[in-house]
Amino acid sequence: MPSIKTTALALAATAAVTGLATAGVASAQTPTEPAAARAAAVPPGYQIVTLPNANVPNFQRRTVYCPGSKHVLGGGGEAQGNGAILVGSFPTPDGRGWIALGRQIGYNDVGISVYAICAD
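Residues numbered from 1 in each chain as written. Predicted model: local features only at pLDDT ≥ 70, side-chain atom pairs only at ≥ 80, totals over all residues. Heavy atoms only, no water.

- If you look the chain up in an unreviewed UniProt entry, it shows as SH3 domain-containing protein from Actinomadura luteofluorescens.

Written out as structure tokens, the structure is:
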């Protein structure tokens, strides 16, 4: 026959697992928030800035900056062309813009577009 201590530990473990499982189910069943609530969650001054596609020599960096005093929250780049490869996509060291670079196999240049997600 198990001791009272062993039984108590087993009950506590079962309660903890049941509580975690119930919490997981409850959060999974939470309805999605309305569009108005999602819009309110956008940071002040939110703006996407685009540097349109242009052909540049392979591995040449293209940089787009946030306007005014805004800072970059994220960004990306796109390499366009046959055999085009995006080699790098990262923020500027000062946090004010986004850099992208690429190359195109068999060619001396590549089309690169750059995008920055900015906010105040």
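1. Considerations on the nonpolar core
Logical step 1: Membership of the largest hydrophobic core comes to 13 residues, with the highest contact counts inside it found for Val64, Trp98, Ile112, Val114 and Ala116.
Logical step 2: Those elements that place two or more of their residues in this core are β1 (47–57), β3 (71–80), β5 (97–104) and β6 (109–119).
Logical step 3: A per-element tally of this core places β6 first, with 5 residues.
Logical step 4: Leaving out residues up to four positions away in the same chain, isoleucine 112 has contacts with Pro52, Asn53, Ala54, Val56, Arg62, Glu78, Ala79, Leu86, Ala100, Leu101 and Gly102. (Core = buried A, V, L, I, M, F, W, Y, C linked by side-chain atoms within 4.5 Å. Buried < 20%, exposed > 50% of the residue type's maximum accessible area, 1.4 Å probe, protein only. Helix = DSSP H or I, 4+ residues; strand = E, 2+ residues; numbered from the N terminus. Contact = heavy atoms within 4.5 Å.)

2. Focus on the state of the cysteines
As used here, a disulfide is simply a covalent bond connecting the sulfur atoms of two cysteines.
Logical step 1: The full count for this structure, using the stated rule, is 1 disulfide.
Logical step 2: Each sulfur of the disulfide joining cysteine 66 and cysteine 118 lies 2.1 Å from the other. Taking the sign of the S-S torsion, about -80° here, the bridge from cysteine 66 to cysteine 118 comes out left-handed. Here cysteine 66, found in the loop between β2 (62–65) and β3, pairs with cysteine 118, found in strand β6; they are 52 residues apart in sequence, far enough to count as distant.
Logical step 3: Judged by relative accessible area, which is 6%, cysteine 66 ranks as buried. (Disulfide = S-S within 2.5 Å.)

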